[in-house]
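# Per-entry structural report
Each chain is listed here by its residues.
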Amino acid sequence: MTEIVVRYEDKVIERVVTEKKRISIGRNSDNDVVLDNRGVSRKHASIEISPNNCVIIDNESLNGTFVNNRRVEEEILRDGDIITIGKYTITLRAHVEQEVKLSDLDGTMTLNTRKHREQVAVDRRDREVIARSGGAAVLLGEKNAPTTEVKLGPATVTFGKAEFVNVHIAGWFVPDLQAKIALEDGQYILSNVGHKNKTRVNGEPVDHAVLKNADLVQIGRSVFRFVAGNPAS
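Fair warning: this is a prediction, and the values are worked out from it, not measured in the lab.

Conventions adopted
Residues numbered from 1 in each chain as written. Predicted model: local features only at pLDDT ≥ 70, side-chain atom pairs only at ≥ 80, totals over all residues. Heavy atoms only, no water. Salt bridge = Lys/Arg side-chain N within 4 Å of Asp/Glu carboxyl O. Helix = DSSP H or I, 4+ residues; strand = E, 2+ residues; numbered from the N terminus. Buried < 20%, exposed > 50% of the residue type's maximum accessible area, 1.4 Å probe, protein only. Pairing = 2+ DSSP bridges.

Before going further, it helps to spend a moment on the pattern of salt bridges. Here the structure, examined in full by the defined rule, presents eight salt bridges. The closest approach of N and O atoms between aspartate 123 and arginine 127, which form a salt bridge, is 3.1 Å. Within this pair, aspartate 123 and its partner arginine 127 are both found in helix 1 (residues 114-132), separated by four residues, close to a single helical turn. Overall, the relative accessible area of 7% leaves aspartate 123 in the buried class. Note on arginine 127: relative accessible area 42%, which makes it partly exposed. Here aspartate 126 ties to arginine 225 by a salt bridge, and the two come within 3.0 Å at their closest N and O atoms. Of this pair, aspartate 126 sits in helix 1 while arginine 225 sits in strand 22 (residues 222-227); the two residues are 99 residues apart in sequence, bridging distant segments of the chain. The burial state of aspartate 126 is the same as that of arginine 225; both residues are buried. When salt bridges with common partners are traced through the structure, they connect Asp126, Glu142 and Arg225 into a single cluster.

This is the structure we're talking about:
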């Protein structure tokens, strides 16, 4: 069974448990997941579930469907992905809870909130970055970063103080080799190979982490934002 958890302002407001292979999301009351907000279209999106994967499909909604802060038309979902629709965030989980329904509301209203405007602007800039990189994923320097962009590809990218690394990280306590990013099975894997707690994703220390779009990667004091691209590029 599939459980979908809906949050509004970080509070869980709905859990839907179903064995259906297609889950509809929208403002109309006949959807499996009902989002009671005029920024959500009547039939906003759907999730197709198969034995191999889950795919979210945007139904040409007015305000769009975002996965990890990137606007998508159709996207394969991975563990930990965060779906944003209007003011709601949605995650898929693997345990069973009671289904809750919300009410219906007529008319779709164009969202003009600051959060939505910022999300759309970031998505547009990220797509420009990916186009400029030829489709490859990129690390964008956010804070104390030695460079503005690091293009990722099939080759492993290393971080540290040694001359042989690809990205030099400043700091008294950063070792010669602190971290690396490698492409494995179509996913970028960040690995800590240096001092403990000196490699973080979204503020949490990691040994290994699969990078998702918009993840904040901190190595030493340098912070980068991961912009997902095409692993084949």
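Below, the discussion takes up the sheet that holds strand 16 (residues 179-184). One open sheet holds the five strands; their spatial order is 15-14-16-17-20, and the pairing between them is mixed. The sheet is open, and its two borders are formed by strand 15 (167-168) and strand 20 (208-210), each paired with just one other strand. As paired elements, strand 14 (residues 157-160) and strand 16 share three bridges and run antiparallel to each other. Note that in strand 16 the partner of valine 157 across the bridge is isoleucine 181.

Time to look at the sheet that holds strand 4 (residues 33-34). Pairing is mixed across the open sheet formed by five strands, whose spatial order is 4-3-5-6-9. Each end of this open sheet is capped by a strand with a single partner; those strands are strand 4 and strand 9 (74-77). Pairing geometry for strand 5 (residues 45-49) and strand 6 (residues 54-58), over five bridges, is antiparallel. Residue pairing in the sheet places isoleucine 49 in a bridge with cysteine 54 of strand 6.

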